[in-house]
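Here are the chains, one letter per residue:
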Amino acid sequence: MAALARLQTRLSGLREEYFRRKRSVFEIRKIEYKAAIKIQSWFRGCRVRAYLRYLNKRVIFIQKWWRGYQSRRYFRKMVETAYFIMKMNFYNEMAVRIQKRWRGYYVRKYIHNYYALKKYLEAISVNNEIVRNELQQYAEMKEKEEKRKDIEKKEKEKKHQARKMHYLLSTEKIAGIYNSPFRKSPDPMELLLRKSKPLSHRQQQMKSPFAYELYDWPTCKRPPTFSTAQPLPPIGRQKPQGPFRDTAEVLQQRYKPLEPTLRVAASINSPLEKAREEMKKEEWRNCIHDNEFLPFSSYHKNEKYDPSIHRSVKYGQETYGIKHFREVQPQKWVADKVSHCIF
């Protein structure tokens with residue numbers, strides 16, 4: 001009982017002692033935990049550094065071995081390549097020597113023959129002489145033909161000139177310019193004038209007025225005309241003798257187009273605007289229609305008429321110009337129907 005009473009008296013102090021010791025143990029445990037972590041980290045660091053040093057040594061050793069192996073292998077390959085190239089060069093040189101000896105022997109024995117080659121060259125020289133002679137004969141023939149053509153052309157021109165100057169022929173009373181009385185014999189031109197006939201005036205061919213009418217109807221290039229009058233016969237007038245020029249040359253000189261100078265053709269005031277106005281006039285005058293209208297064809301039968309902008313209004317198209325051409329007012333009509341004109 002005495003021991004129990006002692007324990008009861010010490011019970012309050014025991015609790016405080018328990019909590020105090022437990023708190024001291026907890027604080028000591030934190031210090032021990034931090035110390036253990038520090039020891040473990042130091043040990044692991046030493047271990048890892050030692051392992052890394054070991055690995056680094058192994059890597060350096062492997063790299064040295066691999067580089068040595070690569071260099072030895074590359075050197076061996078270079079040596080093998082150089083030896084192979086030397087061997088192939090030697091074999092090629094020996095093959096060239098063998099081919100040279102064999103080709104020389106074969107050509108000397110079977111191909112090269114001095115007498116056959118001499119005979120072949122003689123045959124070529126003979127053939128060349130034959131071809132050269134033929135070409136020379138052909139050139140002479142062509143030259144003679146060209147000369148003959150030139151002579152014929154000159155004779156023809158001379159005859160035409162004589163026919164053209166037939167008015168210079170001598171008469172019984174008056175001697176011509178080519179028949180001088182101071183000469184023993186007349187000039188050759190005088191003899192040619194006596195033989196030739198005078199050059200007649202060319203009559204222009206009249207075109208029939210019906211030649212283009214039927215052809216131009218489908219394209220509507222010209223208005224269809226039905227002429228009933230017969231064309232007048234041409235006047236059988238010959239060219240008068242004398243130093244007169246051709247009619248065609250005179251007409252060409254008379255009706256040749258005007259060729260104004262730049263000062264006359266261009267305007268001093270605003271040449272650019274003048275040129276623009278001329279260009280506009282030319283565009284309006286020479287309008288090109290891609291769809292040519294053919295009156296006797298059924299090509300445009302199914303095409304729909306597109307009215308212009310001026311024939312349309314806000315609420316629809318105007319009927320004026322499409323259905324009728326005058327205003328319709330049924331309330332002012334005298335009769336119930338529209339009167340129609342009967343032809």
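Calculation rules
- Residues numbered from 1 in each chain as written.
- Predicted model: local features only at pLDDT ≥ 70, side-chain atom pairs only at ≥ 80, totals over all residues.
- Heavy atoms only, no water.
- UniProt positions renumbered as here; feature names shortened; annotations may be inferred.
- Core = buried A, V, L, I, M, F, W, Y, C linked by side-chain atoms within 4.5 Å.
- Buried < 20%, exposed > 50% of the residue type's maximum accessible area, 1.4 Å probe, protein only.
- Helix = DSSP H or I, 4+ residues; strand = E, 2+ residues; numbered from the N terminus.
- Contact = heavy atoms within 4.5 Å.
- Phe/Tyr/Trp six-rings, centres within 6.5 Å; stacked < 30°, edge-to-face > 60°.
- Salt bridge = Lys/Arg side-chain N within 4 Å of Asp/Glu carboxyl O.
- Patch = residues over 30% accessible without salt bridge, like charges linked within 9 Å, V, L, I, M, F, W, Y side chains within 5 Å.
- Areas by Shrake-Rupley, 256 points an atom, 1.4 Å probe, with all protein chains shown as cover.
- Lys, Arg positive; Asp, Glu negative; His and termini not counted.
- Charge placed at Lys NZ, Arg CZ, Asp CG, Glu CD.

The name given to the chain in an unreviewed UniProt entry is SPT17 protein, with Rynchops niger as the source organism. In its Subcellular location (unreviewed entry) section, the UniProt record describing the chain reads: "Cytoplasm".

What follows is about the nonpolar core. A162, M165, L168, M189, L192 and L193 form the largest nonpolar core, which has six residues in total. Of all the elements, helix α4 (residues 188–195) adds the most residues to this core, at three residues. Not counting residues within four places of it along the chain, the set of residues in contact with M189 comprises K158, A162, M165 and Y178.

Time to look at the packing of aromatic side chains. Taken as a whole and judged by the stated rule, the model has seven aromatic pairs. An angle of 35° between the planes, with centres 5.6 Å apart, marks the rings of W66 and Y69 as tilted. Of this pair, W66 and Y69 both sit in helix α2 (residues 11–111), three residues apart, roughly one helical turn. A relative accessible area of 33% means that Y69 is categorised as partly exposed.

Residues annotated in UniProt with the feature "coiled-coil region" (unreviewed entry) correspond here to residues 128–164. Between the end C-alpha atoms of residues 128–164 the distance is 53 Å, and the span holds 100% helix and 0% strand.

Attention now moves to the pattern of salt bridges. This structure, assessed with the given rule, holds 10 salt bridges. Here E93 and R97 are joined by a salt bridge, their closest N and O atoms 3.3 Å apart. Of this pair, E93 and R97 both sit in helix α2, four residues apart, roughly one helical turn. Residue class for E93 comes out partly exposed when judged on its relative accessible area of 41%. Of the charged contacts, one joins R148 and E152 as a salt bridge, the two residues approaching to 2.9 Å between their closest N and O atoms. One end of the pair is R148 and the other is E152, both in helix α3 (residues 114–164) and four residues apart, which spans about a single turn.

Moving on to a nonpolar patch on the surface. Taken together, the side chains of W102, Y105, Y106, V107, Y110 and I111 present a nonpolar region at the surface, about 650 Å² in accessible area. As for its placement among the helices and strands, W102 is situated in helix α2.

Moving on, we get to the side chain of E190. Structurally, E190 can be placed in helix α4. Looking at E190, the relative accessible area reads 0%, which means it is buried. Not counting residues up to four positions away in its chain, the partners in contact with E190 are L168, L169, S170, Y178 and N179.

Right, let's talk about a positive patch on the surface for a bit. Taken together, the side chains of R72, R73, R76 and K77 define a basic patch exposed on the protein surface. With respect to the helices, strands and loops of the structure, R73 is situated in helix α2.

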